[in-house]
Amino acid sequence: MSDFFNRELSWLEFNYRVLEEALDPQKKPLERLKFLAIFSSNLDEFVMVRLSGLVSQVKLGYTAVDESGHTPMGLLEASEKRIRELLELQYRCVANEILPALSKAGIHIHGLSEKRELSAVSMEHLGSLFEKEYFAVLTPMAIDPGRPFPFLAGKQIHLLVELAKAGEERSRFAIVPIPMERRFISLPGRKRDYVTAETFVRSFVHLLFSGYEIKCAHAFRITRDGELLVTEEEAVDLLSTIEDEVKKRERGLPIRLEHEAAMNEEHLKFLREHLGIPQNFSFAIPGPLDLTGFFSLVNDPELGELCEPSWPPLPSPAFENPADSIFDSIRERDQMIWLPFEEFDPVIRLIDEASNDPQVLAIKQTLYRTSGDSPIVAALKRASHNGKQVTVLVELKARFDEARNITWAKELEKAGCYVVYGLVGMKIHAKMLLVVRREKDGIRRYVHLSTGNFNDRTAKSYTDIGLFTAKPAFGRDVSEIFNLLTGFSDPPRWRKLVTAPLDLRNFFLAKLEREIENVKKGGKGQVIAKMNAVLDERMMRALYAASQAGVKIQLVVRGICCLRPGVKDLSETISVISIVDRYLEHSRIYYFYANGEREVFLSSADWMNRNFDRRVEILFPVEEEDHRKEVMDYLQILLADNTHARDLSGDGVYLLRKTPAGEKARNAQREMYQYIQKRSGTGAEKAGIRFIPKTKSEQAG
Amino acid sequence: MPSAPPIVAALEIGSSAIHMTLTQFAPEGPVVLEELGKSIRLAKDAFSRGALSKNLVADLVALLGKYRDACREYGVAEICAVATSSVAAAENMDILIDHIRLETGIEVEPISSLVEIETIYLALREKLSLSKEKKFPAGEVRGMLKIGAGSVFLTLFDGEHILASFTLPLGVVQLRQIFESHAQEEIDFPTYLKISVDHELAMLASSFPVKQIEVMYAFGNEMEALQKILDAEFSNDASPSSVSSETLEAFLERIKGMGREELVSTFGVPYDLTEFFFAVTYILHRVSLFFESGSVEIAPVNLRDGLFIRHLRPDRDEKDLLRIERQLYQDALNIGRALRFEEAHALTVTEFALKIFDLAESQHGLGKMERAYLMTASILHDVGYAVSYAAHHKHSFYIIMAKEFFFITEREKLMIALIARYHRKAGAKSTHPDFQSLSRREKMTVLKLASILRIAEGLDYQRVKNIKSIEARRTESGIVFEVETSGNVFGEIYSFNEKKAMFEDLFGLTLSLSVKNETRTSA
């Protein structure tokens, strides 16, 4: 048995945990639908990035066995098998539970939950819609021996239409891309009666082929290789190179074919041959293709009753009074915000206030992923307009956000900001904001560091922790990191921060080594770490060594974990849990007992080799005693979860914890919200919170 | 916007990197806001090609443009920018400096290695005076070592002043280039390095009596990287900035034979520093062994710290003048002794010269700095004997010009050399270009001081210090020097009368000598 789990298979298990949330019958239908859509979106990304990599390796003839004991071919087979199992679970859930529940709640989707034929009124309405809005934009692509097989966009639903000229025996094929802007089209009459885009187009597809008889039309979807191939060392202009590559991504090799179950073998063979997709990567979907389209239903504000009760973000007590200058609050003492339990507003306020403050000289910020109409980008542009020196490090290579980031980069540059498009061969993943302000007693630097992106949208659904500080040592470190990243300076010696790719891995290794030493001296050794993924081999071997020395290690890992916990003589003192719940667990927290010193650090980095070697990451200490207590309380709350935590066993199985009979149900995210509410005092009332109803599963405990 | 304490930038264009420190001078004390540093191998071009390449100049100017932007970001009041000697060695340095000024607005001052050393020394002295832990016991000698691209600079000092300074031809870039241009198969670079260092240390041993020094302070770009690595690899050293000779030796063993990539991957040495990393560490180790210092203190201060001190105290105050006087005295003695001068005569003449200077203060109107020039010139006036008696005053001139004096400018050194030059024979002429290069005021200073030196020299004509004391009395037409003597002072009286003309011409006064204890008085 290998000492490590495989990365791809571990990832698929993470997605299973996401699916598990959707399978929970105690949840409200739209909450379940959201997890089904997330599952599909995750799977798309897996196919585009991971599976495509395995396909390439197999094509190139790699047969080497990895640390987990798998060959690329073996992994492809294992992945395919697991994907099929998960899809079966997903679509069984859709057909048997979600669609009926939606119907019951008055949401009818013709062709799915609604089996009846479309009424004449509906058909008339749709026919008119087709004529007015679709006919002109639909572009059927005929396939015949005289033309090459047309290019099909990835992740778009298409119809494969078999047709024959009136009076002719011979069939022909055509492909019709379905516009994806509106996944569900409203029907007249009842509110929330829908038809899917593919059903709608199929109903009128004959109008596109005048003089032909439609024999059949089936929907299918392909997924292409989504990795960018940027030879950065040779890129003269990173911006235009990535722009070109983003365009090329749309033309990556097809990897997966999803099709309606009713499609016959002849049609399938036709598609597979032309697309070059092997049989084992075509998936018959027993339901609607592309469940990511269901996000549009989930986000319908009028369907609140079908969602879990919301937990409105609380105002942070330190920044509660909008009339107070945010600089005063930060100067007074370090401040911490807990996302999404608290509002993201202080981050926006800091940039906003800085942009208008005549005392502010400069603003520097990293942007990895941010929202479409980001208030941060707007404030930075304003700051530049107001004469501040604004430096923005836009990471163009943030996967699948490249195109969006290019747009902001250009906007910021146009506004006069100094924009740096990342580093060659490295992604800037650190989340840092620096405001330089001239005050009466001299220059003061205000710093915001976070475990998560400066993104007002994801701040509502990702758990992250942000630190605001005006301590000079932090200011100087952050200034110097910016100098390093903007090419002003070589790496200096940091005072408070630890950075990757320079010394972050060594920092962790040294901390583990010290815990081992303390145990050897008869003391206690303990590590609690929370992150998104564990797959760096050196770190895992160091963790095994620490475990073998008797250090107690508790890991909270939301996603991939290649470390095998609880194995005799290897990792007996290591436990791993994963929490998948309404919020995406995203914060990275590292706690070391340190002979009673109880060191607490926050970071942008996971324990992945890419974080240590190919990304710019930061780790920073939590210095204020009350903040340290909050973070340690949070870790204890996470570890005590018995509703959404899964224990990873030594054989790779994640077992969802059940609330033991007679014990209190403990939902970490709910508890943390309540914890923050309590800490905030009157803040909860101001946010309009009166009570939070328990879910059935919690009541059951 | 409130008025905030001023921020000053100190910018150093060094042999292998550009560094800039931004410091805010608040009433409570200076606060370093930022330190920027970027490797850029200027010395390599300067030594191998004699000039900086176009690409390198473009890179440097672009980087300095960024540094100027960083200064603007903080509203920096002034940028003190210098280029160190190894960069200044490039033929196109003047063009480069002009280019920098035009492109970035930064005025760069090229400085000599001497100025560099004394500036670092200023910073070190300030640090040591502020440090409670590092008391500086009387008589203790410490050293400063800067391993540069073209040379290694070694400076020894005690609690009062710089005792001596040596420039060893062990600059790492030059050593490497010499080795590569004369590469032989049977010898590798470490062996060549050992031979070179052995040779220079043997020479050093014969030229300076101090062998053991208490603390050796090391400076240079590689030092900070070295310290970082040694901290991580040998964390048992008591102080993070102190590295023991044993640690250095153990580390050298580990890096011996390592390639550049290996240094990066094993120890995280910045790639730009890898080329000379072994050589720097080796020289550091050998020098620390040579002086039996036991350990080396790495980079406790840097050139920029000294630039800030200079910026804060642009004018010499009383303390500075006293310190400079002591330093000049030490430097002059070192030079004289190295050339086996007649020390007793030199010191007697100096004593008389300073006495006359003080007695005639109201006549010459010169200050303490000029007094120090006179002292230095007096000590060294006959140092030209080392070449020959004939025209020895001329030899003294160029010997002084060839030597290094701390804390004075080149112009001040020229004045000292000219004072010594004119202590005998003909006075200054319009055909003397060095003298003519001085301003009118400087010329007068030289002439006044030379005239005093002439008289003082005459009063020790027989070199046996027959004159025991000198007093002065002002008369209606001039000054009467009353001297107490022992023995026959015929020669002194003769010489006084021969040499007083210059003084009399300059000051419009008649000089006479009144000899006590001997029966005659000369006028």
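Data block above holds the structure.
Residues numbered from 1 in each chain as written. Chains lettered and ligands numbered in written order. Predicted model: local features only at pLDDT ≥ 70, side-chain atom pairs only at ≥ 80, totals over all residues. Heavy atoms only, no water.

A. How the structure looks around helix H11 (residues 375-385) of chain A. All names here are of chain A. Along H11, the residues classified as buried are Ile-376, Val-377, Ala-379, Leu-380, Ala-383 and Ser-384. Each buried residue of H11 lies within a common arc of 160° when the element is viewed along its axis, so the set occupies one face. Capping the start of H11, Ser-374 holds a side-chain oxygen 3.0 Å from the backbone nitrogen of Ile-376, two or three residues further along. Positioned one or two residues after H11, Gly-387 has a phi angle of 90°, which is positive. (Buried < 20%, exposed > 50% of the residue type's maximum accessible area, 1.4 Å probe, protein only. Helix = DSSP H or I, 4+ residues; strand = E, 2+ residues; numbered from the N terminus. Arc of directions from axis to C-beta. Polar contact = N/O pair within 3.5 Å; in protein donor to acceptor, adjacent residues only side chain to side chain.)

B. Local environment of the packing of helix H14 (residues 343-359) of chain B against helix H16 (residues 368-380) of chain B. Residues and elements named next belong to chain B. Relative orientation of the contacting elements H14 and H16 amounts to 155°, with a least axis distance of 8 Å. Comparing their axes, H16 and H14 come out roughly antiparallel. Seen from above, H14 lies across H16 with right-handed handedness. Where H14 abuts H16, its residues Ala-346, Val-349, Thr-350, Ala-353, Leu-354, Phe-357 and Asp-358 lie against Glu-370, Arg-371, Leu-374, Met-375, Ser-378 and Ile-379. Partitioning the contact of H14 with H16 into residue classes produces 8 nonpolar, 2 polar and 3 charged. (Axes fitted to C-alpha atoms, helices over the stretch in contact; angles between N-to-C directions. Parallel < 35°, antiparallel > 145°, perpendicular 65-115°, else oblique. Left-handed = near helix turned anticlockwise from the far one by under 90°. Contact = heavy atoms within 4.5 Å. Nonpolar A, V, L, I, M, F, W, Y, C, P; charged D, E, K, R; others polar.)

C. Representation of the pattern of salt bridges. Residues and elements named next belong to chain A. All told, the structure shown has 86 salt bridges over all chains when counted by the stated rule. A salt bridge links Arg-202 to Glu-260; its shortest N-O distance comes to 2.7 Å. With Arg-202 in helix H5 (residues 197-204) and Glu-260 in strand S8 (residues 254-260), this pair connects stretches of sequence that are 58 residues apart. Residue class for Glu-260 comes out buried when judged on its relative accessible area of 13%. A cluster of three or more residues bridged by salt bridges with shared partners is formed by Asp-328, Arg-331, Asp-357, Arg-437, Glu-439, Asp-441 and Arg-444. (Salt bridge = Lys/Arg side-chain N within 4 Å of Asp/Glu carboxyl O.)

D. Just the side chain of A:Arg192, in detail. Residue and element names in this part refer to chain A. Tracing the sequence through the fold places Arg-192 in the loop between strand S5 (184-186) and strand S6 (193-196). When its relative accessible area of 17% is taken as the criterion, Arg-192 is described as buried. Apart from residues lying up to four places away in sequence, Arg-192 is in contact with Gly-106, Ile-107, His-108, Glu-302, Leu-303 and Glu-305.

E. Layout of a nonpolar patch on the surface. Residues and elements named next belong to chain B. Side chains of Tyr-461, Phe-490 and Tyr-494 sit close together on the surface and give an oily, nonpolar patch of about 360 Å² of accessible area. As for its position among the elements, Tyr-461 is in the loop between helix H20 (440-458) and strand S12 (467-474). Judged by relative accessible area, which is 44%, Tyr-461 ranks as partly exposed. (Patch = residues over 30% accessible without salt bridge, like charges linked within 9 Å, V, L, I, M, F, W, Y side chains within 5 Å. Areas by Shrake-Rupley, 256 points an atom, 1.4 Å probe, with all protein chains shown as cover.)

F. Molecular detail of the side chain of B:Arg424. All names here are of chain B. Summarising the element assignment, Arg-424 is placed in the loop between helix H18 (410-421) and helix H19 (433-436). No salt bridge is formed by the buried Arg-424, whose closest oppositely charged neighbour, Asp-382, lies at an N-O distance of 6.3 Å. If near-sequence neighbours (up to four positions away) are discounted, Arg-424 is found in contact with Tyr-389, Ala-391, His-392, His-393, Arg-454 and Lys-499. (Lys, Arg positive; Asp, Glu negative; His and termini not counted.)

G. Quick look at the sheet that holds strand S11 (residues 295-298) of chain B. All names here are of chain B. With mixed pairing, 6 strands are arranged side by side in an open sheet as S8-S7-S6-S9-S11-S10. Two strands close off the open sheet at either side, each with one partner strand: strand S8 (162-168) and strand S10 (242-244). Recorded for the sheet is a direction-independent mean angle of 25° between the axes of neighbouring strands. (Pairing = 2+ DSSP bridges.)

H. Focus on the nonpolar core. In terms of nonpolar packing, the biggest core is built from 132 residues, with A:Phe200, A:Leu271, A:Phe508, A:Leu555, A:Leu563 and A:Trp607 touching the most fellow members. When near neighbours in sequence (up to four residues on either side) are disregarded, A:Phe200 contacts A:Leu126, A:Leu129, A:Phe130, A:Tyr134, A:Ile185 and A:Val195. Counting residues in each nonpolar core, the second largest holds 92 residues, with B:Phe153, B:Phe308, B:Tyr373 and B:Leu449 among its members. (Core = buried A, V, L, I, M, F, W, Y, C linked by side-chain atoms within 4.5 Å.)

I. Local environment of unusual backbone geometry. Residue and element names in this part refer to chain A. Each neighbour pair has its own omega, and for Leu-339 with Pro-340 the value is 0°, a cis peptide bond. Topologically, Pro-340 is positioned in the loop between strand S10 (335-339) and helix H10 (345-356). Cis geometry is found at the peptide bond from Ala-500 to Pro-501, where omega equals 10°. If you trace the backbone, Pro-501 turns up in the loop between strand S18 (498-500) and helix H14 (504-520). Phi angles above zero are rare outside glycine, and Ala-594 is one such case at about 50°. Take Ala-594: it is sitting in the loop between strand S23 (588-592) and strand S24 (599-603).

J. Region of interest: the sheet that holds strand S13 (residues 478-485) of chain B. All names here are of chain B. Across the sheet, which stays open at both edges, the 3 strands sit in the order S12-S13-S14 with mixed pairing between neighbours. The two strands at the open ends of the sheet, each matched to only one other strand, are S12 and strand S14 (510-516). Going from strand to strand, the sheet's axes swing by 25° on average, the running direction of each strand aside. As defined by bridge partners, S12 adjoins S13 across 7 bridges and the pair is classed as antiparallel. Paired with Glu-471 across the strands is Glu-482, a residue of S13. Contacting S12, S13 and S14, helix H21 (residues 490-499) crosses the sheet at an angle of about 170° to S14.

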